[in-house]
Amino acid sequence: MLTNAPKGTKDTLPSQVYKWHYVEKAFAEICAKYGFKEIRTPMFEHTELFARGVGDTTDIVQKEMYTFQDYAKRSITLKPEGTSPVARSFVEHKAYADVQPSKYYYNTPCFRYEKPQSGRLREFHQFGIEVFGTPNMLADAEVICLANDFLHSLGIKDIELQINSVGCPHCRENHRKALKEFLASKYDDLCDTCKDRYERNPMRILDCKSPECQELVKGAPMMIDYLCDECKDAFEDVQKNLTSLGVEFTVNPGIVRGLDYYTKTAFEFITNSIGAQGTVCGGGRYDNLMEALGGPPIPGVGFGLGIERLLLTMEAAGIEIPEPDTAEVFIAVMGDDAKAFGLKLLRQLRHEGIHAEMDVLARNIKGQFKYANRINAKKTIVIGDNELAEKKVAIKDMATSQQTEIAIDDILAELTK
Ligand code: ATP
Ligand code: MG
């Protein structure tokens, strides 16, 4: 127990962390090209923020949140998603008074009490972006385009962009009625969660993961057939913009996002290569979120992209991430004078930006060579009393075993050239 990580969490070990650095750098770079700035928000918020911002008919709020009382008896929740905190911060700092739109990106852990399986964890990580302050469908297309470019820039090909519209509160009402009528005779066979959704938010039944419910909703009325003129125009507009940008997509009327306050555009990037949890990225527009949080009526659009699923997808596609460089130089020393000289050299090399290492376990010279091999050092310098006396050292190329002799005073110049 003591030495096991909690269920649904994972260590990212040093041997793997370079993969995270790689995708994090790639994401930051593409966001910069699109003019998005990073935002960091707290790991926990007042529970109320998510109850409102995610919506209390959602799985997340109903049964997945890590909620606790702090010592002052405030209800606190570890963030289960990234959008509400960014929206909260936007309102709190009155960022709407700045030039609009506001474009944010983030990289955050998220916490959800779910059943752990491949691609589903209790602590997972998301890249996300948000555009606040424009109702224009060009923003939706840009958000989708950024996700598309990011995924493709990493070499991922086996992934499909599916888009849909979930309408607005006006047209959703008609769909809601039709859907409830359609499901009325099937109500008894719905899962317990969906029975609850039937009154509170029937559209979410379309998104149920249970195979029985998926069977029952076949042939159900789809939101896309109930769009009002404004939503219909918006949906055409976003498609036109995507086509102009050269982004390929398919329309899937079955896409229903998991969070409340979604309006109009909804989209997912889905792959078949990593099993059942194939949605790598999901997002859409949420024009009613900010107001629901008590802020001004400012529209927003964005996405969340699961980093664990991203890495699984890259692995499944055989995409190799370059491993970090190993030590450039290992300094092997024999004797106290050599050690003192070696330490001075070690520090100089590091100052010059060279990855240099020395033994810290008082190994004998054979052991030091072995260690240099184990850590894949590229070159080894051997320094002993003889070398110090003759003011010459040998630099051994570990791959070819070739040795070059150089004057001690030239080491730095030789290694930095
Ligand atoms: P799912 O369809 O898997 O239930 P979701 O609709 O709950 O996902 P979002 O809230 O849209 O997911 O989160 C955006 C992305 O975060 C997902 O597309 C996925 O890549 C990732 N994600 C969500 N939940 C988890 C989890 N429990 N473990 C790992 N990644 C997750
Ligand atoms: Mg989910």
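Definitions and cut-offs
- Residues numbered from 1 in each chain as written.
- Chains lettered and ligands numbered in written order.
- Predicted model: local features only at pLDDT ≥ 70, side-chain atom pairs only at ≥ 80, totals over all residues.
- Heavy atoms only, no water.
- Pairing = 2+ DSSP bridges.
- Helix = DSSP H or I, 4+ residues; strand = E, 2+ residues; numbered from the N terminus.
- Contact = heavy atoms within 4.5 Å.
- Axes fitted to C-alpha atoms, helices over the stretch in contact; angles between N-to-C directions.
- Domains from an automatic or database assignment.
- Near = heavy atom within 4 Å.
- Polar contact = N/O pair within 3.5 Å; in protein donor to acceptor, adjacent residues only side chain to side chain.
- Areas by Shrake-Rupley, 256 points an atom, 1.4 Å probe, with all protein chains shown as cover.
- Nonpolar A, V, L, I, M, F, W, Y, C, P; charged D, E, K, R; others polar.
- Buried < 20%, exposed > 50% of the residue type's maximum accessible area, 1.4 Å probe, protein only.

Peer 1: I'm lost on the sheet that holds strand S10 (residues 279-285) in this one. Help?
Peer 2: Strand pairing in a sheet is mediated by backbone hydrogen bonds. Such pairs are either parallel or antiparallel. An order of S1-S5-S6-S11-S10-S9-S7-S8 is seen for the eight strands of this open sheet, with the pairing classed as mixed. The open sheet has two edge strands, strand S1 (37-38) and strand S8 (250-251), and neither has a second partner. Bridging between strand S5 (residues 102-111) and strand S6 (residues 123-132) involves ten bridges; their strand directions are antiparallel. If you follow phenylalanine 111 over to S6, its bridge partner there is glutamate 123. Taken strand by strand, helix H1 (residues 14-33) contacts S5, S6 and strand S11 (300-306), and its axis lies near 5 degrees from that of S6.

Peer 1: Whenever I open this one, the domain arrangement of the chain confuses me. Can you help?
Peer 2: Many structure descriptions define interface size as the accessible area lost when the parts assemble. With domains assigned, the chain is organised as domain 1 (14-168 + 228-316) and domain 2 (329-415). For domain 1 and domain 2, the distance between their C-alpha centroids amounts to 50 Å.

Peer 1: How do you make sense of the site of ligand 1 when you look at a structure like this?
Peer 2: Around ligand 1 lies a shell of 16 residues, among which Arg112, Glu114, Leu121, Arg257 and Arg309 are the nearest. Contact between ligand 1 and glutamate 114: a nitrogen atom at 2.6 Å from a side-chain N or O atom of the residue. For ligand 1, the protein covers 92% of the area, taking 580 Å² as the surface of the free molecule. For the shell around ligand 1, the secondary structure elements donating two or more residues are S6, S10 and S11. Of all the elements, S10 adds the most residues to the shell around ligand 1, at four residues. Split into classes, the residues belonging to the shell around ligand 1 amount to four nonpolar, six polar and six charged.

Peer 1: What exactly am I supposed to notice about unusual backbone geometry here?
Peer 2: Glycine aside, residues mostly have negative phi, and peptide bonds are mostly found in the trans state. At the junction of glutamine 100 and proline 101, the peptide bond is cis and its omega measures out at 5 degrees in the coordinates. Take proline 101: it is sitting in the loop between helix H4 (83-92) and S5. Positive phi, close to 60 degrees, is recorded for asparagine 376, a residue that is not glycine. Residue placement: asparagine 376 occurs in the loop between helix H13 (365-374) and strand S14 (379-383). Not every positive phi belongs to a glycine, and serine 401 is a case in point at roughly 65 degrees.

Peer 1: Explanation requested: the environment of alanine 178 in the structure shown.
Peer 2: For alanine 178, the location among the structural elements is in helix H6 (residues 169-184). The exposure class of alanine 178 is buried, given its relative accessible area of 16%. With 45 residues separating them in the primary sequence, alanine 178 and methionine 223 have C-alpha atoms 9.7 Å apart. If we ignore the near neighbours within four places in the chain, the residues touching alanine 178 are Pro221 and Tyr226.

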